[in-house]
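# Coordinate inspection notes
Each chain, written out:
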Amino acid sequence: MAQAETFDVAIIGGGVNGTGIARDCALRGYRTVLLEKRDIATGASGANSGMIHGGARYMLYDVPTTEKSCRDSGYIQQMAPHMLFRIPFLYPVMQRGLAGTIAASLIETYFEAYDLFQPLKNGKPHTHLTREEALQVEPGLTKNFHSAITMDEWGIDPFRLCTANALSAAEAGAVIRNHTEVLDFLWEPGEKKRVCGVLVKDHRTGLTEEVRARVVFNASGAWVTRVLERAGCKVKVRPGKGVHLILDRRIVNVGVLCTAIDGRAIFIMPHDNSTIIGTTDDDYYGDLENITVTKDEIEYLLQGVERVFPAVRQARIVRTMAGIRPTMFAWGKNEDALSRDHRIYDHGERDGVAGLLTMIGGKLAAFRIMAEEATDKVGELLGKEAPCTTHAKPLPGGGGEADLEKLSSDSGISLPALERIHFRHGVRAKNVAVLCEKDPSLQRMVCACEPVTAAELTYAVRTEWAAKLSDLRRRTRLGTGPCQGANCTLESAAILGQELSLPGRRQLEETYDFLKNRWKGRAPIVEGEQLAQEELNRAIHLQVAGLHRVLEESGPFEDWQKPASSPAVEGSGRG
């Protein structure tokens, strides 16, 4: 067992909170290590709606969270302008006649209050559209509504946001370690009163080691209580399950707010090259490692959207996404009414366990200000004072401009593919493009759905800690389009294997693992023609690629052959 150097702070969890705190700590000069048992943004931060939004609905019960989210949205736009895109929303007023007129007036009053916060996030004020005007904006709406109110929000790729935070932290001196699980806490000699680090296992090497730190920060999302059990500490959270449906293409021009059968607000919106329908909000008592999506949850969302957008059932759902919100505990409140604020616990003050901090709650759109508060607390424990600068420093790729046409000409990468690379990497798209100048074979398109080139996959392995095909999916959206990995998995595995010098059998194991994880998200919705496509996909990989011969030796087929009745869904949280 090796003993590592002593860090100022060890952060547990590679979601948006963990990576945000790591960035802030590193920029303030604290020696920082980030530990994630799977990969960056595998949990809550990767299974959300992908919006840096103000949260208009929180104004009913949590105005400070709305204000905080809008303010941080403005900062995030300055930090990473290449990642964000505007999503206008329509709120159809479904009542007719006089009731519709009254309802529209009340809704307008509500959004007039929300307009007060719009300048903080560079949003446009609401407008009131007639039915005819709304149908010009979105012809797919039902004709049976009174009028519509508009509002303005921002979308983002949460995987890239977390990766950019981690890159910024690393460039400021932090050590980033994904696929490294915290097994236990280390204690100062004597009684268990002060944490002095953690015992970890690197799942890539199988090695166990000690990581010593003056402060340990538990930012593990839905797993916070499980982590704290190892220190004999407890905090109360109220885990909430959120389910999303992903459609194979954009079927709406703008986001549309809808109402589910129980009155909850849900939505359908364009996002990247797909459409997202979301979301459920239910108390969760199950296994965090085995989250399932039911037919009832799918129907709940489709039924609510169909009332406003009748053609939704004609679209193809390519996968489901589910996860757990680590919401602050409250008794007697409906899930929708729970605060999306956050709380930081100093377990030295609370439980007599010094050197240990925990954060619960929060939301993606307010991650930066949450990280600032968390890092302030770390500084207090370290006895170091340093100002926060995260709001003033661009994330990697966020500063400057890139001449994409010239980059396309110089590298040989098609302009549409380079535009997507720029969306993910900003001005650092040139770092991806330059790989093609050295090796023109990297120009080739590996995943046409997104699109993703061999150059970007290579870049992610070399510079962004991608060690598995699923890591490459999170870095580049590999296999997230209509084919869901049918056309790109084998070639991607070959690129991964070449970069990491993996033997052939290991490449096939990576292929199987990637397809199995993709199946988890598809299993709840596979039927009819999609079932036939799935069988063809399996035949390609299991028979044509010879995957079955390698894997039959260890017998791992069971998980991929399970029926779709109770699948485990990849993704374990929602911001």
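Residues numbered from 1 in each chain as written. Predicted model: local features only at pLDDT ≥ 70, side-chain atom pairs only at ≥ 80, totals over all residues. Heavy atoms only, no water.

### Considering the nonpolar core
Short version of the rule: Take the buried Ala, Val, Leu, Ile, Met, Phe, Trp, Tyr and Cys residues and link them wherever side-chain atoms come within 4.5 Å; each set so joined is a nonpolar core. For the exposure calls, accessible area comes from a 1.4 Å probe over protein chains only, and a residue counts as buried if that area is under 20% of its type's maximum, exposed if over 50%, partly exposed in between. In DSSP terms, a helix is any run of H or I states spanning at least four residues, a strand is any run of E spanning at least two, and both are numbered starting from the N terminus. Any two residues whose heavy atoms approach within 4.5 Å are treated as being in contact.
If you look at the biggest cluster of nonpolar residues, it comprises 43 residues, and the most contacted ones within it are Ile11, Ile21, Ile52, Ile156, Leu161, Phe217 and Val378. Breaking this core down by element, the ones donating at least two residues are strand 1 (2–12), helix 1 (16–27), helix 2 (63–79), helix 5 (158–171), strand 9 (208–218), strand 17 (356–361) and helix 9 (367–382). Take this core: its biggest share by element is seven residues, from helix 9. Excluding anything up to four places from it in sequence, valine 378 contacts Val9, Cys25, Tyr30, Phe217 and Leu357. Core analysis: the second largest hydrophobic core is formed by 42 residues, Trp223, Ile298, Ala315 and Ala322 among them.

### Let's talk about the side chain of arginine 424
Rules: Think of a polar contact as two N or O atoms within 3.5 Å of one another; within protein, one of them needs to be a possible hydrogen donor and the other a possible acceptor, and neighboring residues in sequence only count if both atoms come from side chains.
For arginine 424, the position within the fold is in helix 11 (residues 415–425). For arginine 424, a relative accessible area of 1% translates into the label buried. Within polar-contact distance, the side chain of arginine 424 engages the side chain of glutamate 450 at 2.9 Å. Sequence-distant contacts of arginine 424, that is, excluding residues within four places in its chain, are made with His82, Met83, Arg160, Glu450, Pro451, Val452, Glu456, Arg475, Thr476 and Arg477.

### Overview of the packing of helix 10 (residues 404–411) against helix 11
In plain terms, the rule: Between N-to-C directions, angles cover 0 to 180 degrees, with each direction set by a line fitted to C-alpha atoms, over the stretch in contact for helices. Should an angle fall under 35 degrees it is called roughly parallel, over 145 degrees roughly antiparallel, and 65 to 115 degrees roughly perpendicular, with every other angle called oblique. Handedness of each helix crossing follows the sense of rotation of the near helix against the far helix: counterclockwise by less than a right angle gives left-handed, clockwise gives right-handed.
At a minimum axis distance of 9 Å, the contact between helix 10 and helix 11 shows a crossing angle of 120°. The orientation of helix 10 relative to helix 11 falls into the category oblique. You can see that helix 10 and helix 11 cross each other, and the crossing is right-handed. Along its contact with helix 10, which presents Leu404, Glu405, Leu407 and Ser408, the element helix 11 presents Leu415, Leu418, Glu419 and His422.

### Observations concerning the environment of valine 93
Looking at the secondary structure, you find valine 93 in strand 3 (residues 85–93). Each C-alpha atom, one on valine 93 and one on valine 293, is 30 Å from the other, the two residues being 200 residues apart in sequence. Not counting residues up to four positions away in its chain, the partners in contact with valine 93 are Gly100, Ala103, Ala104, Ile107, Phe145, His146, Ser147, Ala148 and Ile149.

### Observations regarding a nonpolar patch on the surface
What counts, and what does not: Like charges are joined within 9 Å and nonpolar side chains (Val, Leu, Ile, Met, Phe, Trp, Tyr) within 5 Å, but only among residues with over 30% relative accessible area and no salt bridge; these make up the patches. Note on areas: Shrake-Rupley with a 1.4 Å probe; residue coverage comes only from the protein chains shown. By definition here, a salt bridge exists when the distance from a side-chain nitrogen of Lys or Arg to a carboxyl oxygen of Asp or Glu is within 4 Å.
Taken together, the side chains of Leu490, Leu536, Ile540 and Val544 define a hydrophobic patch exposed on the protein surface, amounting to about 360 Å² of accessible area. Residue contributions to the nonpolar patch peak at three residues, all from helix 17 (residues 529–544). Topologically, valine 544 is positioned in helix 17.

### Section: the pairing of strand 2 (residues 32–35)
Worth spelling out the cut-off: Strand pairing is assigned whenever DSSP detects at least two bridges linking the two strands.
Side chains Thr32 and Leu34 of strand 2 all project onto a buried face; the interleaved residues Val33 and Leu35 project onto the opposite face, where all are buried too. As paired elements, strand 2 and strand 6 (residues 175–177) share three bridges and run parallel to each other. When the sheet's bridge partners are listed, valine 33 is paired in strand 6 with valine 175.

### Quick word on the packing of aromatic side chains
Operational definition: In this analysis, rings of Phe, Tyr and Trp, with Trp reduced to its six-membered ring, are considered paired at centre separations within 6.5 Å, and the interplanar angle assigns stacked below 30 degrees, edge-to-face beyond 60, and tilted for intermediate values.
By the definition in use, this model includes five aromatic pairs. Measuring from ring centre to ring centre gives 6.2 Å for tyrosine 91 and phenylalanine 111, while their planes differ by 90°; the resulting arrangement is edge-to-face. With tyrosine 91 in strand 3 and phenylalanine 111 in helix 3 (residues 97–115), the pair connects residues that are 20 residues apart, well separated along the chain. The class of tyrosine 91 is partly exposed, set by a relative accessible area of 28%. Residue phenylalanine 111 is classed as buried on the basis of its relative accessible area of 4%.

### Re the state of the cysteines
Test applied: Criterion for a disulfide: a pair of cysteine sulfur atoms at a distance within 2.5 Å.
One pass over the structure, following the stated rule, counts zero disulfides. Considering cysteine sulfurs only, cysteine 25 is the nearest to cysteine 388, which forms no disulfide, with 10 Å between them. The buried category is assigned to cysteine 388, whose relative accessible area is 13%.

### Remarks on unusual backbone geometry
With an omega dihedral of -15°, the bond running from glycine 278 to threonine 279 counts as a cis peptide bond. Topologically, threonine 279 is positioned in the loop between strand 13 (274–278) and strand 14 (282–283). The amide bond that connects glutamate 450 to the next residue, proline 451, takes the cis arrangement and shows omega of 0°. Relative to the elements of secondary structure, proline 451 occurs in the loop between strand 18 (445–447) and strand 19 (452–453). Although it is not a glycine, histidine 179 sits at a positive phi angle of roughly 55°. Locating histidine 179 in the fold gives a position in the loop between strand 6 and strand 7 (180–187). We classify histidine 179 as buried; its relative accessible area is 8%.

### Focus: the pattern of salt bridges
Under the criterion given, the structure shown has 46 salt bridges. When the shortest N-O distance is used, the salt bridge between lysine 241 and glutamate 297 registers 2.8 Å. A residue pair is termed long-range when its members are at least 10 positions apart, and lysine 241 in strand 10 (residues 237–247) and glutamate 297 in helix 7 (residues 295–306) qualify at 56 residues. The exposure class assigned to lysine 241 is buried, which follows from its relative accessible area of 7%. Measuring nitrogen to oxygen at the nearest pair gives 3.0 Å for the salt bridge that ties arginine 325 to aspartate 281. Of the two residues, arginine 325 sits in strand 15 (residues 317–328) while aspartate 281 sits in the loop between strand 13 and strand 14, which places them 44 residues apart along the sequence. Classification of arginine 325 by relative accessible area gives buried; the value is 3%. One network of salt bridges, with partners in common, ties together Asp272, Arg420, Arg424, Glu450, Glu456 and Arg477.

### Quick notes on the confidence of the model for the protein chain
Our working rule: Every residue is assigned a pLDDT by the predictor, reflecting its confidence on a scale from 0 to 100.
Mean pLDDT over the protein chain stands at 90; residues scoring 70 or higher make up 94%. pLDDT under 50 marks residues 556–568. Its contacts with residues more than four places away, or in other chains, come to 33 contacts. Counting contacts from residues 570–575, a segment whose pLDDT is below 50, to residues more than four positions away or on other chains yields 44 contacts.

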